[in-house]
Amino acid sequence: MQYLRIARRKAWRIGLLVALAALVAPSAFALSADEIIERMEDNQTHPTSYIEGEMVITDRFGDRVSTFFAHTEGDDRFLVEFTSRDEEGQRVLRRNDDLYLYYPDARETIRLTGSALRDSLLGSDISYEDMTGGRGLAEDYKFELLGEETVDDRRCYKIELTARGTNVAYPKQIYWVDSEDFVLRKSEQYARAGRKLKVTEVLETMEQDGYIFPARIRITDQTRRSSGTEMILHQVDIGVDLPRGVFSLEQLTW
Amino acid sequence: MITVTDVHKEYIDGETHVRALRGVSLEIDEAEFLSIAGPSGSGKTTLLNIIGCIDTADSGSVEIDGAPVNGSSKRSLVEIRRAKIGFVFQNFNLIPVLTAYENVAMALALMGTPESEIRERTMKLLREVGLSGMEDRRPAKLSGGQQQRVAVARALVKDPIIVLADEPTANLDSETGESILKLMEDINRKRGTTFVFSTHDQMVMDYAYRLCRLHDGLIESDEVRRSA
Amino acid sequence: MTVFKSSRTGHHRTYAGLRMLAVLAAKNLTRYRRRTLITVSAIAFGVAIFIGMASMLDGLIAEGDRNLVRYETASAAITGTGYWDEREQYPLDITVADVDAVVSALEDGDIAAAPRVGFRGELIVHYDPYPEDGSVHLNMYGIDPERDARVFHLADALIEGQFLDPGEHGILISAWLAERLGAEVGYPVTITTRTRDGFHQILDMDIVGIYETPNPTVDRSAIYMPLDIADFYLEMRGAVTAIHLALPEPVPGAADLQPVRAALERAGVNLTESPAAGDGGPQSSAIELLSFDEMTAEFAAAMELQDAAFAVVLLLLGVIAVVGISNTMLMAVLEREREIGMMRALGMRNGEIRSMFVFESAGIGLIGAAIGLLLGAALVWYLTAHGIDYSAVLADVEMDFRFDGVLYGVWSPRTMITAAVGAAVLAGAVALLPVRRILRRGISDSLRQH
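Keep in mind that this is a model prediction, so the values were computed, not measured.

Asks: Sorry, what's going on with the interface of chain B and chain C here?
Replies: One widely used convention gives an interface's size as the accessible area the parts lose upon coming together. Listed per partner, the contact involves 34 residues of chain B and 34 residues of chain C. With both chains or domains summed, chain B and chain C bury close to 3,100 Å², and 60% of this area falls on carbon and sulfur atoms. On the chain B side of the interface with chain C, the three residues burying the most area are Glu79(B), Val97(B) and Leu110(B), jointly 17% of the side's total. Our enumeration of links across chain B and chain C arrives at 3 salt bridges. Note that Arg349(C) is salt-bridged to Glu79(B), the shortest N-O span being 2.6 Å. Linking chain B to chain C there are 9 residue pairs in polar contact (both at pLDDT 80 or more).

Printed below as a string of C-alpha cells:
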C-alpha cells in the first residue's frame, strides 16, 4: 500500500514534468522572432540579380503602368531603369546609403538627401526612403513574436517590429512571415500615434535558383481609398554577371 | 567813321562757289545818307552784312570808329550790334506776339536800360515815326508801312551810329515806300544818324545823297548825287 | 502795356534780364495754339499716368507689407539659428527649445509673442461628406490660440465656425480651400506628416473654423491647429519653430528691434545661445532674432524687379514726352529761323536766345505737368477711395502674391511734385538741340529764310 502511494506521487510529478515539457517543448524547438527575421532576410538577399517588371499605380483617376528593369547587388546596390513611354530613360541608382535620380530629358542627375527622400517614386506608394535602408532590420527594430496567423491559406509567424531609435520612417510594423518558406507574405506599417499607414501583401510568388520571390506585391495606402501600388515581376535572374560599372555615376548618365 | 578796306568774301551756295566781294573799299562818314546799288548777286547784301557785323570778311579790314572789327570774336560782334548798329529789313521782321511798343522797347531792354528811360525814349520815337496811338497794336494789326515804321523806330531807339537798311521798300507800294524813305531822310537830317541802304529800286537810288554801285563784287562807281 | 524789366545798368556787358526773356517766351506760347495744346495734352497724360502708376505701386508694396506683417511674419521673429534659410523645407530640427523662457522674457517687456510650429503635411479628405476624394499638400501651423491673436490677425479673419481651442482636434482652413474641397465646418480630415524625428504620423482632425484673409499666399497654402496638438503628434517636446513678435511700427515692417533685445537680455536669454528644455542633458541651441526686412528679403527682391519695370515705363513715358515736345519745339525753331536771325542781328546773345526757347519749352512742360498733376491727383483720389478690382485676373494666377482682389492707391505728394518738376525740366532741356542747330548757322543765312 505504501509503495503505491509513493508511485502515485512520483507519477504525478512526472506527469507534471511531461505536461510542462509539452508546453515548453514547442518553444524550445521553435524559432525566435530574431531567427525568423534573419531567415526571412537571408531569403531576400542574393549576390546579384537582374529583374524585369512593372509598377501599376492606382488612384482615383485610374491606373498608370510603368515598366522597368533593374540590376541589383547584395542589399544596398541597385540600378532601376524605366522603359515605359512617359518615364522612359529615367533611372534610380542606389549605392550604399546614397540615392540618385537621373532624368534623360533634362540630362539632370539629382542626389536625394534629407526631406527629398520622402518623395514617392513616380507617385506610387513607395517612397525613396523605402528604397534605402535594409542594412538589417535587427539594427533598427526590436522584434516580438505575437503568434501565428493564416494569411492566404499559408501559416505565418506574426511579428511586431518596434523602432529602436528615430532613424527609420515607420515607428511600428507588423510582419507576417511564411512559416515554411520564410517569405514576407504581408506587412503593415504604422504611424507614430498608432494609425495604420500602409498594408503590403504578397499576392504571388515565384521560385528561382532556390530563392522564392514575391512575384506580385500590392501596397495599399490606408489613409486614402482607391489608392494603391502593385509591383509585378516578370523575370528574375539570380547570380547574373552584372555589366561593367553598372552602378557607377558615369553609367547613370549614359 | 566806318572804313572798309579791300574786303573779300566768298561763300558756298549749294553747289556753287560764290565770290561775293572781291576787294571792296569804302569809307562812310557821319550823317551820310548812302545807297549801295546793284543787281541781285552783286554782293550788296553781303557788304551790308559785313558792315553791320552780321558777317565777317574773309580778308581785308573793317573799322568802326577807328576800332577794327574783322578779327573780333563773335561775342564782341554781338555787343557792337547790340549797342551801335540798327537794322531795317525788307521783311520788317517784327516779333508778331509783341506790340509796336514792345518791339521797339526790346532793343533798349537788351541793353539794360532802366524802365523809365525805356518808356520815354520808346514813346518819343514812336511819335517821331508817326505812330502815336498805335503803340498797343500788334504787327498783324498794322499795315506794311506802319510795320516798317516800327522797324525804323526799333533800329533808331538805341541811338545807333549807323542804320543799315536792306531793301527797306521792297515789300511796300511805291507811295508807302516813299513815305518811309522820307521818314528816314528826316531822321537823318534831324538826328544826324548815318543811313546805308542796299537796293535795286530806282526810287531809292534817287533818294540817296551818295550812290555806290556794286557790280560782281567790286565797286563800279561811287558818286555824290545830291546834297542835304 | 507790358513792362520790360531790365537788370543791371552801366556794365558794359549788360544782360537782358531773364524776366524779359521769360515774358517773351510766355507770349510765344500763344503762337501755335493747336500744336501747343496737343503737346501739353500729351505731357499731361504722361504725367497723370506716371502719378497713377506710382500710386498703385506704392499701394501694392504697402498692401504686401501689411499682409506679410499681419498674417505671415509679424513685426519680427525668433527662430533657431539658420532656420529661416531652410524654411521652405519646414525642418523640425532647427527650433527654439526653451519657449517659456523666451516668451515670458518678452511678455515681461510688454512685447506680445506668439509661438508657432510650422510643418508640411498632406490633407486627405474622402467622399462623403466631401463631394469627392481629395488630397493636398499644405503648410500647417500649430498656434497658441490666445497668444496668436495678440500678434497676428488670423482670429479677425474667421468667417465661419470658431477659432481654435487648446487641446481640441480642430483645424482652421481657408475659404479658398474649403471651396475647392467642398468642405464645411464640422467635416473630418486626415493629415499625414512626419514627426520631428522623422516617423510617419497621422492626425484625425475636424474642421472647426473657416478663415479668409486678404493675403492669398496664406489662404492658398495654410491651415492652423492648436499648438499643443501639434506638439503632441509631432513629438516636438515643447520646442517650436518660431516665436513671432508684435511691435509698434509706424509703417509695416519698420519696427525697432532694440526693445526686444533689451527684454531678452534683461531676462538673461542669450540670442546666440539658449538653454534647451525638456530633452535632457545640457544642450546649447542657438536662437536668432529676425527683422521684417530679413524675413522678406526675397519679397523685397521681387519688389525691386517691379521697381525696375516701373523705371522702364517711366523711361518710355519720358521718351514720349521728349519726342512730343521736341517735335513741337523743332518746328517752332525752324519756323522762326528768320526771327532768330533778326534777334541776333539786333544784338541778342546766343545764351539769351537759348534761354528764351528753354523757357518756352519748359513753359509747355510746366503747363502740361500742372494739368497732369491735377489729373493724376484725381486718379489717385479714385484709387485710394475705390481701388482697382483685380480679383478676376488673379483667380487663376499661380505665383506668390500678397494682395487681395482690390488694390488701393497711396497718396505720395513727393512723387507727384517730382513728376511735375521732372516734366518741366525735361521739356526745357529738349529745346536746346534744335536751337543749337540754328545758332550755328550764319545770321545772314537765317535772315535769308522763307
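Asks: Hey, could you run me through the sheet that holds strand S1 (residues 2-13) of chain B in this one?
Replies: Adjacent strands of a sheet form backbone hydrogen bonds with each other and so pair up, either parallel or antiparallel. Residue and element names in this part refer to chain B. Spatially, 4 strands are ordered S2-S1-S4-S5 in an open sheet, and the strand pairing comes out antiparallel. The sheet is open, and its two edges are formed by strand S2 (16-28) and strand S5 (67-68), each paired on a single side. Taken together, the 5 bridges between S1 and strand S4 (residues 59-64) define a ladder with antiparallel strand orientation. Bridge pairing links Ile2 to Ile64 in S4.

Asks: Explain the interface of chain C and chain A here, please?
Replies: With 22 residues of chain C at the interface, the matching set in chain A holds 21 residues. Summed over both partners, the interface of chain C with chain A comes to about 1,900 Å²; 49% of that surface belongs to carbon and sulfur atoms. Linking chain C with chain A are 4 salt bridges. In this structure, Arg194(C) engages Glu129(A) in a salt bridge whose closest nitrogen and oxygen atoms are separated by 2.5 Å. At the surface where chain C touches chain A, the tally comes to 10 residue pairs in polar contact (both at pLDDT 80 or more). Breaking the side of chain C that touches chain A down by element, the ones donating at least two residues are strand S2 (112-125), strand S3 (134-143), strand S6 (188-194) and strand S7 (200-211) of chain C. At 4 residues, the largest contribution of residues to the side of chain C that touches chain A is made by S7(C).

Asks: Looking at this model, I keep getting lost on the packing of aromatic side chains. Mind explaining?
Replies: Aromatic rings in a pair are described by how distant their centres are and how their planes are angled relative to each other. Across all of its chains, the model carries 13 aromatic pairs over all chains by this definition. When the ring of Phe68(A) is compared with that of Phe82(A), the centres are 6.2 Å apart and the planes differ by 65°; the resulting orientation is edge-to-face. One end of the pair, Phe68(A), is in strand S2 (residues 62-73); the other, Phe82(A), is in strand S3 (residues 77-82), and 14 residues separate them in sequence. We classify Phe68(A) as buried; its relative accessible area is 9%. Where Phe87(B) meets Phe89(B), the ring centres are 5.8 Å apart and the plane angle is 5°; that geometry is what we call stacked. Among the aromatic residues, those joined into a cluster by ring pairs are Phe33(B), Phe195(B), Phe197(B) and Tyr209(B). Arg116(C) extends its terminal NZ or CZ atom over the ring of Tyr141(C), reaching a point 5.5 Å from the ring centre. Positioned above the aromatic ring of Phe152(C), the side-chain terminus of Arg116(C) is 3.9 Å from the ring centre.

Thresholds, definitions, all that
- Residues numbered from 1 in each chain as written.
- Chains lettered and ligands numbered in written order.
- Predicted model: local features only at pLDDT ≥ 70, side-chain atom pairs only at ≥ 80, totals over all residues.
- Heavy atoms only, no water.
- Contact = heavy atoms within 4.5 Å.
- Buried area = accessible area lost by both parts, 1.4 Å probe.
- Salt bridge = Lys/Arg side-chain N within 4 Å of Asp/Glu carboxyl O.
- Polar contact = N/O pair within 3.5 Å; in protein donor to acceptor, adjacent residues only side chain to side chain.
- Pairing = 2+ DSSP bridges.
- Helix = DSSP H or I, 4+ residues; strand = E, 2+ residues; numbered from the N terminus.
- Phe/Tyr/Trp six-rings, centres within 6.5 Å; stacked < 30°, edge-to-face > 60°.
- Buried < 20%, exposed > 50% of the residue type's maximum accessible area, 1.4 Å probe, protein only.
- Lys NZ or Arg CZ within 6 Å of the ring centre and 35° of its normal.

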